[in-house]
Amino acid sequence: MKKEKILYLVIPCYNEDAVLPETTRRLTVKLDQMTKTNLISSKSKILYIDDGSTDNTWSSIESLHKEYKRVAGLKLAKNRGHQNALLAGLMTAKDCADIAISMDADLQDDIEVLNQFIKEYQNGSEIVYGVRSSRKKDSFFKRNTAQLFYTFMKWLGVDIVYNHADYRLMSKRAIEELARYGEVNLFLRGIIPQIGLRTAVVKYERQTRFAGESKYPLKKMLNFALEGILSFSVRPLRIITILGSLISLASFIFLIYVIIGHFVNGNVAGWTTTVALVCFFGGFQILCIGIIGEYIGKIYSETKRRPRYIIEKSLIN
Ligand code: UDP
Ligand code: MG
């Protein structure tokens, strides 16, 4: 008889006490069903990672841990952001489980497809990506900026899965490989496709949040997008080089034109042109230095090799 695999649902939580009781109820029902149909082992759990919340998230996790044998928890010493919290959860799951599926605390990702994730794993996939079949339920702004981001990333040459957020299954093997990636600037959606191994895709409809509000305001979203670009593509630096060369060439041609004009017509070049050019090139150069600075900033934080998260408390067994 084949032995059922232990599944850990890895769920980062930042100020999520409004959703945790309901999320736990729904997920335990789901895990119980999956256990009954022999898809997963009865030892499967929900692992909540409290990402330094300022509300009652941790006490809520503690009481859920007492109430449900399936609930495990980790408390990070400080808010480190979704990606680091997720990493902390995956690194813990790797030692206790055969499979981990990462998802959000608000259950916006349809949990009915969990069975399909496991089926793909049983068919030999080490990583299964949850991909949204449509973005009808997102706001106009989020839908369009996200779409733009994926297209831009593709253009920059970054290998990411279109319309896939962090709803994914990873086998123990895949997480062990992920553990070898030591980068401090974490953009898991870019790193995981680089692991390789056999992958599959499961499509689902994304729901709206059933309680609480988004923990990804515009500022965090922009930071996250920038992280993805700067950590995975050096093309912006190449673009600067190309633009710089073109502008130098144009300036050189312009200079010749001005010198010839000086001797032929004897007139001094106009004040407006001079000011316009100085302003344009001044701004452009600062922009280019800024982009280079962004990369240097990333290099700076990578070289320090600071820990990506610190676990303050854990409720695993
Ligand atoms: N999250 C986190 N740390 C943060 C911000 C968010 O762990 O600093 C978690 C949050 O609790 C949720 C997931 O990341 O489980 C996704 O956040 P949210 O649902 O608010 O984002 P949205 O779905 O609006 O993009
Ligand atoms: Mg959400």
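Residues numbered from 1 in each chain as written. Chains lettered and ligands numbered in written order. Predicted model: local features only at pLDDT ≥ 70, side-chain atom pairs only at ≥ 80, totals over all residues. Heavy atoms only, no water.

Visitor: I'm lost on the side chain of E16 in this one. Help?
Guide: Mapped onto the elements of the fold, E16 is located in the loop between strand 1 (7-13) and helix 1 (20-36). Of the polar contacts made by the side chain of E16, one reaches the side chain of R209; its length is 2.9 Å. (Helix = DSSP H or I, 4+ residues; strand = E, 2+ residues; numbered from the N terminus. Polar contact = N/O pair within 3.5 Å; in protein donor to acceptor, adjacent residues only side chain to side chain.)

Visitor: Is there a simple way to explain the environment of R206 in this structure?
Guide: Take R206: it is sitting in the loop between strand 7 (199-204) and helix 8 (218-232). Taking the C-alpha atoms as reference, R206 lies 7.0 Å from K137; in sequence the two are 69 residues apart. Setting aside its immediate chain neighbours within four residues, R206 contacts D104, Q108, D109, R132, K137 and D138. Of the polar contacts made by the side chain of R206, one reaches the side chain of Q108; its length is 3.0 Å. (Contact = heavy atoms within 4.5 Å.)

Visitor: Can you walk me through the site of ligand 1 in this structure?
Guide: With respect to spatial proximity, 19 residues lie near ligand 1, and among them E16, D51, D106, S214 and K215 are the closest. Between ligand 1 and S214, the relevant distance is 2.5 Å, taken from an oxygen atom to a side-chain nitrogen or oxygen of the residue. In the model, an oxygen atom of ligand 1 is placed 2.4 Å from a nitrogen or oxygen of the K215 main chain. Considering ligand 1 on its own, with 530 Å² of exposed area, one finds that the protein chains cover 95% of that surface. Of the residues belonging to the shell around ligand 1, the class tally is 5 nonpolar, 5 polar and 9 charged. (Near = heavy atom within 4 Å. Areas by Shrake-Rupley, 256 points an atom, 1.4 Å probe, with all protein chains shown as cover. Nonpolar A, V, L, I, M, F, W, Y, C, P; charged D, E, K, R; others polar.)

Visitor: Is there a simple way to think about the sheet that holds strand 7 in this case?
Guide: Within a sheet, each strand pairs with its neighbour through backbone hydrogen bonds, oriented either parallel or antiparallel. Overall, mixed pairing links the 8 strands, which are arranged 7-5-6-4-1-2-3-8 in an open sheet. Single-partner strands in this sheet number two, and they are strand 7 and strand 8 (311-315). If you compare each strand with its neighbour and ignore which way they point, the axes differ by 20° on average. With 6 bridges connecting them, strand 1 and strand 2 (residues 45-50) associate as parallel partners. Across the sheet, L9 pairs through a bridge with I46, a residue of strand 2. Running over the sheet, helix 1 touches strand 1, strand 2 and strand 3 (71-76) and is turned about 155° from strand 2. Packed onto the sheet, helix 3 (residues 82-96) meets strand 1, strand 2, strand 3, strand 4 (99-102), strand 6 (164-171) and strand 8 and runs at close to 155° relative to strand 1. (Pairing = 2+ DSSP bridges. Axes fitted to C-alpha atoms, helices over the stretch in contact; angles between N-to-C directions.)

Visitor: What's the story with helix 3 in this structure? I'm lost.
Guide: Owing to its 3.6 residues per turn, the α-helix aligns residues three or four sequence positions apart on the same side. Taking 1.5 Å as the rise per residue, helix 3 with 15 residues should run 21 Å; its terminal C-alpha atoms sit 21 Å apart, in good agreement. Counted residue by residue, helix 3 has 13 buried out of 15 residues, so it is predominantly covered. (Expected span 1.5 Å × (residues − 1). Buried < 20%, exposed > 50% of the residue type's maximum accessible area, 1.4 Å probe, protein only.)

Visitor: Quick question: what am I supposed to make of the environment of L237 here?
Guide: Its place among the elements puts L237 in helix 9 (residues 235-264). Along the sequence, L237 and C288 sit 51 residues apart, while their C-alpha atoms lie 8.3 Å from each other. Discounting chain neighbours no more than four positions away, the residues touching L237 are I292 and Y295.

Visitor: Whenever I open this one, the packing of helix 8 against helix 10 (residues 271-304) confuses me. Can you help?
Guide: Packed helix pairs are characterised by how far apart their axes lie and by the angle those axes make with each other. Interaxial distance between helix 8 and helix 10 falls to 10 Å at its minimum, and their mutual angle equals 85°. In this view, helix 8 runs roughly perpendicular relative to helix 10, as classed from their interaxial angle. Contacts between helix 8 and helix 10 pair L226, E227, I229 and L230 from the former with E294, Y295 and K298 from the latter. Along the lines of polarity and charge, the residues of the contact of helix 8 with helix 10 split into 4 nonpolar, no polar and 3 charged. (Parallel < 35°, antiparallel > 145°, perpendicular 65-115°, else oblique.)

Visitor: I'm lost on the environment of S44 in this one. Help?
Guide: Take S44: it is sitting in the loop between helix 1 and strand 2. Each C-alpha atom of the pair S44 and Q207 lies 25 Å from the other, and the pair is 163 residues apart in sequence. With near-sequence residues (within four places) excluded, S44 lies in contact with K5, I6, L7, L31 and R70. Within the structure, the side chain of S44 is placed 3.0 Å from the backbone nitrogen of L7, a separation counted as a polar contact.

Visitor: Help me understand the nonpolar core in this model?
Guide: The tendency in soluble globular proteins is for nonpolar side chains to be buried as a group. Among the nonpolar cores identified, the biggest contains 43 residues, and L90, M170, L178 and I192 are the most heavily contacted of them. For this core, the leading source of residues is helix 3, giving 7 residues. Ignoring anything within four residues of it in the chain, the contact list for I192 reads I127, Y129, R168, M170 and L178. (Core = buried A, V, L, I, M, F, W, Y, C linked by side-chain atoms within 4.5 Å.)

Visitor: Help me out: how do you make sense of the pairing of strand 1 in this one?
Guide: On any regular strand, side chains alternate: one points to one face of the sheet, the next to the other face. Extensive coverage of strand 1 is indicated by the burial of 7 of its 7 residues. Bridge count between strand 1 and strand 4: 4 bridges; the pairing is parallel. When the bridges of strand 4 are listed, V10 appears paired with S102. Since strand 1 and strand 2 lie parallel, the crossover through helix 1 that links them has a hand, and here it is right-handed. (Right-handed = clockwise from strand over helix to strand, strands pointing away.)

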